[in-house]
Amino acid sequence: GEKWRPFVQGSFETDKFADFNARAAVGAGGAYQFSEGPEHKVSGRVGGGVSRKIGVSTPGVKHTSYEALLGIDWFWTVDEVSNFTLISDLYPSLNDLGEFRTVTRLAWETKVTPDGPWFWKLGLDQSFDSEPGAKKNADYNYYIGLGRGF
C-alpha cells in the first residue's frame, strides 16, 4: 500500500486551570506509515497549523500561534479483544521560537465479549504548554467509558 497519506486535524479544548478559557486549533500535513504489522502499527506525522487561545487573562500571553506539527502514533493489537494506543503530538511555535505545546494520549480498549460490538476504554491524556501565563503548564485528564463499534 501507499506509505504517505494526507491528514487534517482539529481540536477545541476548555481549561479552567489555564490563563485562557478555551483553545481552538487546526492543522494539516502528511503522515508516513513506518510499519504496519499484525500486532504493531507505527506512523509519523509532519505538518503545520494554527492555534488560538480564547479569553486570555494574562497580559503578554499570545492569542494566536502558528505552529509546526510533529506526531507519532503507535497502535498495538494485544490480542483479539484488546488494544493499546499511544498518540503524541509536538507543536513548536513558529512565531515565538522556543515555545511549544504537546498533547499525548494513552488508551487501552478491551471488548466486553469477544464477538460483541461493545468495548471498555480506559485512557489518560496529558497536555503541556510552555507559555501557560500565571497558571500551571501541564494538565492530565483521565477517563473510562463504554463504547460501541460499528
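Look up: the structure comes first, before these words.
Residue positions within a chain follow its written sequence, with the count starting from 1. Local features in a predicted model are, by the rule used here, given only for residues with pLDDT of at least 70; side-chain atom pairs are given and counted only at 80 or more, and totals for whole chains, interfaces and linings are based on all residues. In computing side-chain values, all of the structure's heavy atoms are included and hydrogens and water are not.

What to know about the overall build of the protein
Here is the rule: Per the convention used, a helix needs a DSSP run of H or I reaching at least four residues, while a strand needs a run of E reaching at least two, with both numbered from the N terminus. Residue burial is assigned from relative accessible area. The probe radius is 1.4 Å, only protein chains are included, and a residue is buried under 20% of its type maximum, exposed over 50%, and partly exposed in between. By definition in these notes, contact holds between two residues if any of their heavy atoms fall within 4.5 Å. Where accessible areas are quoted, they stem from the Shrake-Rupley method and a 1.4 Å probe; at the residue level, only the protein chains shown are allowed to cover. The positive count covers Lys and Arg only, the negative count covers Asp and Glu only, and His and the chain ends enter neither. A single reference atom marks each charge: NZ on Lys, CZ on Arg, CG on Asp, CD on Glu.
From N to C terminus, the protein includes zero helices and eight strands. Seen in sequence order, the protein has helices and strands lined up from the N terminus as β-β-β-β-β-β-β-β. Overall, the protein is about 55 × 35 × 20 Å in size when its C-alpha atoms are taken along their principal axes. Relative to its full complement of 150 residues, the protein shows a buried share of 33%. Considering only residue pairs separated by 6 or more positions, the protein has 46% of its internal contacts joining residues 24 or more positions apart. Summed over all atoms, the accessible surface of the protein reaches about 9200 Å², with 62% contributed by carbon and sulfur. For the protein, the distance from the average position of its 16 positive side-chain charges to the average position of its 19 negative side-chain charges is 4 Å.

Points about the pattern of salt bridges
Our working definition: Each reported salt bridge corresponds to a side-chain nitrogen of Lys or Arg within 4 Å of a carboxyl oxygen of Asp or Glu.
The tally for this structure, following the rule as stated, stands at eight salt bridges. The shortest N-O distance in the salt bridge between aspartate 129 and arginine 23 comes to 3.2 Å. Taken together, the residues aspartate 129 in strand β7 (residues 118-129) and arginine 23 in strand β2 (residues 22-36) connect sequence positions 106 residues apart. Considered together, aspartate 129 and arginine 23 belong to a single accessibility category, that of buried residues. Of the charged contacts, one joins aspartate 89 and arginine 45 as a salt bridge, the two residues approaching to 2.6 Å between their closest N and O atoms. With aspartate 89 in strand β5 (residues 82-92) and arginine 45 in strand β3 (residues 40-54), this pair connects stretches of sequence that are 44 residues apart. Relative accessible area serves as the criterion here: at 8%, arginine 45 is assigned to the buried category.

Focus on the pairing of strand β4 (residues 64-77)
Just so we agree on the cut-off: A pair of strands is considered paired only if DSSP assigns at least 2 bridges between the two.
Looking at chain direction, β3 and β4 are connected through 13 bridges and run antiparallel. By the bridge assignment, valine 50 is partnered in β4 with tyrosine 66. The pairing of β4 with β5 spans eight bridges and is antiparallel. Its bridge partner lying in β5, phenylalanine 75 is registered against threonine 85.

Concerning the side chain of serine 82
We count it as follows: Polar contacts here mean pairs of N or O atoms no more than 3.5 Å apart (in protein, one a potential hydrogen donor and the other a potential acceptor; neighbouring residues in sequence count only if both atoms are side-chain atoms).
Relative to the helices and strands, serine 82 is located in strand β5. A residue is classified by how much of its surface remains accessible, and serine 82, at 7% relative accessible area, is buried. Polar contacts involving the side chain of serine 82 include one to the side chain of threonine 110, which spans 2.9 Å.

Focus: the nonpolar core
Which entries qualify depends on this criterion: Nonpolar core, defined: a set of buried Ala, Val, Leu, Ile, Met, Phe, Trp, Tyr and Cys residues in which side-chain atoms within 4.5 Å join the residues together.
Judged by nonpolar contacts, Phe7, Ala31, Leu69, Tyr91 and Val103 together constitute the single largest core of five residues. Residues within four places of valine 103 in sequence aside, it is in contact with Ile87, Ser88, Asp89, Tyr91, Gln126 and Ser127.

With respect to the side chain of aspartate 89
With relative accessibility at 2%, the residue aspartate 89 sits in the buried group. At 3.4 Å, the side chain of aspartate 89 forms a polar contact with the side chain of arginine 105. When near neighbours in sequence (up to four residues on either side) are disregarded, aspartate 89 contacts Gln9, Arg45, Leu69, Leu70, Gly71, Arg101, Thr102, Val103 and Arg105.

Here's the deal with the sheet that holds strand β6 (residues 100-111)
Our working rule: Axis angles are defined between N-to-C directions and span 0 to 180 degrees, where every axis is a line fitted to C-alpha atoms and, for a helix, only to the segment in contact.
Pairing within the open sheet is antiparallel, and its eight strands lie in the order β1-β2-β3-β4-β5-β6-β7-β8. The sheet is open, and its two edges are formed by β1 (4-14) and β8 (138-148), each paired on a single side. Each neighbouring strand pair of the sheet contributes to a mean axis angle of 20°, computed without reference to strand direction. Where β2 and β3 come together, 14 bridges link them in antiparallel fashion. The residue of β3 that forms the bridge with alanine 22 is isoleucine 54.

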